[in-house]
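# Remarks on the overall topology
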Amino acid sequence: MAVSATTSLDIQKIRDQFPVLDQEVNGKPLIYFDNAASSQTAKSVVDALVKFYEKDHANIHRGIHTLAERSTKDFEATRERVHKFINSAEADEIILTKGTTESINLVAHSWGTKFLKEGDEILISQLEHHSNIVPWQLAAERAGASIKVIPIDEHGDIIMDEFKKLLSNKTKLVAVNYISNSLGTINPVKEIIALAIENGATTLIDAAQAAPHVKIDVQALNCDFLALSSHKMYGPTGVGVLYGRRDLLEAMPPYQGGGEMIKDVSFNGTTYNDIPYKFEAGTPNIGEVIAFKYAMDFIDELGHENIQAYENELLEYANAKLELVPGFIPIGTAKKKASVISFLVKNVHPYDLGQLLDVKGIAVRTGHHCTQPLMDFLEIDGTVRASFAVYNTKEEIDTFCEALKNIAERFN
Ligand code: PLP
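Note that the coordinates shown come from a computational prediction; the quantities given were computed from them, not determined experimentally.

Rules and cut-offs
Residues numbered from 1 in each chain as written. Predicted model: local features only at pLDDT ≥ 70, side-chain atom pairs only at ≥ 80, totals over all residues. Heavy atoms only, no water. Pairing = 2+ DSSP bridges. Helix = DSSP H or I, 4+ residues; strand = E, 2+ residues; numbered from the N terminus. Axes fitted to C-alpha atoms, helices over the stretch in contact; angles between N-to-C directions. Contact = heavy atoms within 4.5 Å. Core = buried A, V, L, I, M, F, W, Y, C linked by side-chain atoms within 4.5 Å. Buried < 20%, exposed > 50% of the residue type's maximum accessible area, 1.4 Å probe, protein only. Domains from an automatic or database assignment. Buried area = accessible area lost by both parts, 1.4 Å probe. Salt bridge = Lys/Arg side-chain N within 4 Å of Asp/Glu carboxyl O. Polar contact = N/O pair within 3.5 Å; in protein donor to acceptor, adjacent residues only side chain to side chain. Nonpolar A, V, L, I, M, F, W, Y, C, P; charged D, E, K, R; others polar.

### Overview of the sheet that holds strand β9 (residues 225-229)
Taken in spatial order, the seven strands line up as β4-β10-β9-β8-β7-β5-β6 in an open sheet, and their pairing is mixed. Since the sheet does not close on itself, it has two edges, and those belong to β4 (94-97) and β6 (146-150), each with one partner. Going across the sheet, the axis of each strand differs from the next one's by a mean of 20 degrees, ignoring polarity. In terms of strand pairing, β4 meets strand β10 (residues 240-244) through four bridges, oriented antiparallel. Within β10, the position partnered with leucine 96 by the bridge is valine 241. Here helix α3 (residues 66-85) sits on the sheet and contacts β4 and β10; the angle it forms with β4, its principal contact strand, is near 120 degrees.

### Some points on the nonpolar core
When a protein is soluble and globular, its nonpolar side chains tend to lie buried together. The biggest cluster of nonpolar side chains holds 102 residues, and the ones touching the most others in it are Tyr178, Ile216, Leu226, Phe400 and Leu404. For this core, the leading source of residues is helix α10 (residues 286-302), giving 10 residues. Among the domains, domain 1 (11-32 + 303-411) and domain 2 (46-300) are the pair contributing at least three residues each to this core. Once you skip the residues sitting within four places of it in the chain, phenylalanine 400 turns out to touch Phe33, Leu322, Phe343, Leu357, Ile362, Val364 and Ala386. The next biggest cluster of nonpolar side chains, apart from the first, holds 26 residues, and it includes Ile122, Ile124, Ala140 and Leu173.

### Side note on the sheet that holds strand β14 (residues 340-345)
Read from one edge to the other, the open sheet built from four strands follows the order β13-β14-β17-β16, with strand pairing classed as antiparallel. A single partner strand is all that each edge strand has here, and the edge strands are β13 (328-331) and β16 (365-367). Averaged over all pairs of adjacent strands, the angle between strand axes in this sheet comes to 30 degrees, irrespective of strand direction. Here helix α11 (residues 304-322) sits on the sheet and contacts β13 and β14; the angle it forms with β14, its principal contact strand, is near 10 degrees.

### Some thoughts on the pairing of strand β12 (residues 269-272)
One face of the sheet, then the other: side chains in a regular strand alternate in exactly this way. Where strand β11 (residues 262-266) meets β12, four bridges bridge the pair, whose relative direction is antiparallel. Of the residues in β12, the one forming a bridge with serine 266 is glycine 269. Between β11 and β12, which pair antiparallel and follow one another directly, the connecting turn spans two residues.

### Some words on the domain arrangement of the protein
With domains assigned, the protein is organised as domain 1 (11-32 + 303-411) and domain 2 (46-300). Facing the 34 residues of domain 1 at the interface are 28 residues of domain 2. Among the residues domain 1 hides against domain 2, the three largest losses belong to His304, Leu374 and Phe377. Together they make up 24% of the total. Between aspartate 157 and lysine 335 there is a salt bridge; the shortest N-O distance is 3.6 Å. Linking domain 1 to domain 2 there are 20 residue pairs in polar contact (both at pLDDT 80 or more). The biggest single contributor to the side of domain 1 that touches domain 2 is helix α13 (residues 372-378), with six residues. Residue classes in the side of domain 1 that touches domain 2 are distributed as 17 nonpolar, 12 polar and five charged.

Have a look at this one:
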């Protein structure tokens, strides 16, 4: 396929690192536009996974034999890599989890148990993914705290004046996403964090969608917690990160009990390991964690700035073309957006659209995208979502827009 772009990135070379893209689906070349759900895995990541299972497989931190030492070293290399990737003050502030969902649940349970009290308020936005809603509902219920929702406007932007009004001496935590998975809104998280801090609140940033697109610097952001998932960053599934500030992590009780998170266990009582191990009970996804390092290498080699510039080019190109689709209704037109386009087409149900596009080899997401409260606000059941990654091309967008136009013309 010819690739045209003004970027300095060599998109064809990038595509060559994703063999999965080179296949036909329903007799048509695959066009993968479901990257906000899960991006495809870079070959260097797959190679690292294969190497682990073929050559290095052993449990970590416990054994003294060569394979155990090798896998422990590689596992800890990923922690170091995350530390550099998000610029935490130290590697010990990096907890390796199963994903964003587990990271947020860890904070909601552990921090919530220690710090949330009756009458406290947790502020989350109308844009949140269920994984940044439900853990707080559970924590609030346990503590007798309550949840307040930061409103958004009709474009999908957080209304900052309303946020300021919601902040009070009852606000214990502000937990928002960096980029909305449903609408692509890039939230002014730095400003949100600064206001929360002024108000004495703890902050958590759900960076699941941000990590593959924007450079994250937790010290510059000045957040207390940040969560992300490897599988949205060209890495393996089953791996995520919780960044937490040392003083908070040290003050928090363990989340799960088991191997690795202890210093000493007796039937009279147990003492806990230091951070980060205190929060890493049991055998993790060792191979996947090791391979995740190569996903961060992949992103850093391309450079976040180059990735973002190219994805913006794709976004603008697609927006201009989609205007020509009869009955096209964009959902989410925020001031700053990542390469996510949510939409409806008049007279066509989103599920039907998703299926009709799949027949043409085009993978998009349909439904509520795990943001039902956002869909309620928008008074819709769901949307169709096309989300672009760095390996997507304008030629793929041409094919997608043409297919969408053909479908839309049949119904409008
Ligand atoms: N938060 C946001 C904004 C997301 O987009 C997602 C996944 O789609 C999650 C959280 C949950 O991530 P995971 O399923 O990897 O735990």
